[in-house]
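# An overview of the molecular structure
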There are 2 protein chains.
Amino acid sequence: MIVSTKGRYALRVMVYLSQKGEEDYIPLKEIAESEGISQKYLETIMAVLSKAGFVDAVHGKGGGYRLNRPPEGYTVGGILKLTEGSLATVSCTTQGPAACSRASCCQALPMWERLDKMVDDFFEGITLADLLAEQEK
Amino acid sequence: MIVSTKGRYALRVMVYLSQKGEEDYIPLKEIAESEGISQKYLETIMAVLSKAGFVDAVHGKGGGYRLNRPPEGYTVGGILKLTEGSLATVSCTTQGPAACSRASCCQALPMWERLDKMVDDFFEGITLADLLAEQEK
DNA sequence: CTCTTACCTACTTTGTCAATAGGTAAAACA
DNA sequence: TGTTTTACCTATTGACAAAGTAGGTAAGAG
């Protein structure tokens, strides 16, 4: 498993917000209910998205969350790397090359690195706008 | 993380055995010591490889494990799928399409399916022989 | 019949993910 | 002013799987 619920929920929230446009602020409660996600759990995810500047947040009545870029401005890779922490496919590549004592003679390491790059390129090549377009196919 | 220690250990064992050729049987103890893997833990991995017919096993003195095909006959994908159970990148794609109630309207599902296929093709396109050749680069 | 090896069943430990609990701070509104 | 609505913060719990351990039995060679 390379993407947990955290990243998938984040992606769904971002898709939801992009469908709502950049006008209104959407309260967390509405997002959670519409998407069937635990309100409390979603709080932790929104906090990450907000801190990183992926969404604007406003307190009080009429407040909530809102995208601050057009959907083309968000890559899936950016959202997932932020919420998941990393998209590394094996623990060998999460830390630096010194992490594994066998790195110098490991026959598989180049393969893991190529895989990581392939996955990264894959996710960086998809934007929120691409996901929105997907449903019409 | 898409590949755990189980799959990585299995891969290392297979590389080790392929370097030893198809002549001798190599006892588990030797593999574990050479590769720095817990002997007991490796037992469970070898049992899987043996049951699936990936290696030949012989009891008693002079016994151990041995490959029964040339290195080109093993794909990394085959070894990993056997030992990891699955290489699915998200839980959405591990079970059938009915697993997620939102599958029918999920904007991300086609993306996950493309990713799964990409990863599968990647691993199926690499054989043990390719890994062995890697070190000379 | 003893030694060496694979094979089997069950348990423990550890760590992360997912979710929950119970608050405080900011902004709007009456 | 104070009440409601919202975001934001810190800590804890529960579930589960991954990683590793323990203690055996069965097969085969010498």
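Structural notes, computed from the coordinates. Every value quoted in this text rests on a predicted model; they were computed, and no experiment measured them.

Glancing now at the overall build of chain A. Per the secondary structure count, chain A includes six helices and two strands. Dimensions of chain A, computed from C-alpha atoms along their principal axes, come out at roughly 60 × 35 × 25 Å. Looking at chain A residue by residue over its 137 residues, the buried ones come to 30%. Restricting to contacts in chain A with at least 6 residues of sequence separation, those with at least 24 account for 64%.

For the rest of this paragraph, the subject is the protein's contact with DNA strand D. The environment of DNA strand D is formed by 24 residues, the closest being A:L28, A:A57, B:S4, B:S38 and B:G60. Sorting elements by how many residues they give to the surface near DNA strand D places helix α3 (residues 39–51) of chain A first, with four residues. Classifying every residue of the surface near DNA strand D gives seven nonpolar, 11 polar and six charged.

Moving on, we get to the protein's contact with DNA strand C. Within the structure, DNA strand C sits among 25 residues, and A:S4, A:T5, A:S38, A:G60 and B:L28 are positioned closest to it. Listing elements by their share of the surface near DNA strand C, those giving two or more residues are α1 (5–20) and α3 of chain A together with α2 (28–35), α3 (39–51) and β2 (64–67) of chain B. Sort the elements by how many residues they give to the surface near DNA strand C and α3(B) lands first, with four residues. Considered class by class, the residues forming the surface near DNA strand C number seven nonpolar, 12 polar and six charged.

As a further point, take the environment of A:Q107. Relative to the helices and strands, A:Q107 resides in the loop between α4 (76–84) and α5 (109–124). For the pair A:Q107 and A:F122, spaced 15 residues apart in the sequence, the C-alpha separation amounts to 24 Å.

Let us look at the interface of chain B and chain A. The interface of chain B with chain A comprises 21 residues on the first partner and 22 residues on the second. For the side of chain B that touches chain A, the secondary-structure elements that each account for two or more residues are α1 (5–20), α5 (109–124) and α6 (128–134) of chain B. For the side of chain B that touches chain A, the element with the most residues is α5(B), which contributes five residues. A per-class count over the side of chain B that touches chain A returns 15 nonpolar, four polar and two charged.

Residues and elements named next belong to chain B. Looking only at helix α4 (residues 76–84), the buried set comprises V76, I79, L80 and T83. Buried residues of α4, viewed axially, fall in a sector of 95 degrees; they line one side. Buried residues belonging to α4 abut α1, α3 and α5. Trailing α4 by a residue or two, G85 shows a phi angle of about 95 degrees, which is positive.

This part covers the pairing of strand β2 (residues 64–67) of chain A. Put simply, side chains in a regular strand alternate between the two faces of the sheet. All names here are of chain A. Two elements, strand β1 (residues 55–58) and β2, share four bridges in a ladder whose sense is antiparallel. Within β2, the residue paired with V58 across the bridge is G64. Where β1 folds back on β2, the antiparallel hairpin that results is connected by five residues, among which G60 adopts a positive phi of roughly 70 degrees.

A:A10, A:M14, B:A10 and B:M14 are the most contacted members of the largest nonpolar core, which totals 62 residues. When near neighbours in sequence (up to four residues on either side) are disregarded, A:M14 contacts A:Y74, A:I79 and A:L128.

Next up on the list: the relation of the copies chain B and chain A. Rotating chain B by 180 degrees about the axis while translating it 0.0 Å along that axis superimposes it on chain A, leaving an RMSD of 0.0 Å. Both chain copies can therefore be described as sitting about a two-fold axis. Residue B:I2, judged by its C-alpha, is the member of chain B lying nearest the rotation axis, at 2.6 Å. In this assembly, 100% of the residues forming the interface of chain B have copies in chain A that are likewise at the interface, indicating an isologous arrangement.

Residue and element names in this part refer to chain A. Tracing the chain through its elements places P71 in the loop between β2 and α4. Classification of P71 as partly exposed rests on a count of 19 C-beta atoms within 10 Å. Sequence separation between P71 and K20 is 51 residues, and the spatial gap between their C-alpha atoms is 11 Å. Each residue touching P71, except ones within four places of it in the same chain, is listed here: S18, T127, L128, A129 and L132.

This part takes up the environment of A:R66. Residues and elements named next belong to chain A. Structurally, the position occupied by R66 is in strand β2. Residue classification places R66 among the partly exposed residues on the basis of 17 C-beta atoms within 10 Å. Separated by 52 residues in the primary sequence, R66 and M14 place their C-alpha atoms 9.1 Å from one another. What R66 contacts, discounting residues up to four positions off in sequence, is L17, E22, D24, Y25, I26, V55 and D56.

How each quantity is defined
Residues numbered from 1 in each chain as written. Chains lettered and ligands numbered in written order. Predicted model: local features only at pLDDT ≥ 70, side-chain atom pairs only at ≥ 80, totals over all residues. Helix = DSSP H or I, 4+ residues; strand = E, 2+ residues; numbered from the N terminus. Buried ≥ 20, exposed ≤ 12 C-beta atoms within 10 Å, placed from the backbone. Contact = placed C-beta atoms within 7 Å. Near = placed C-beta within 6 Å. Nonpolar A, V, L, I, M, F, W, Y, C, P; charged D, E, K, R; others polar. Arc of directions from axis to C-beta. Pairing = 2+ DSSP bridges. Core = buried A, V, L, I, M, F, W, Y, C linked by C-beta atoms within 7 Å. Least-squares fit on C-alpha atoms with pLDDT ≥ 70 in both.

Purely geometric stuff here, so don't read any function into it on its own.
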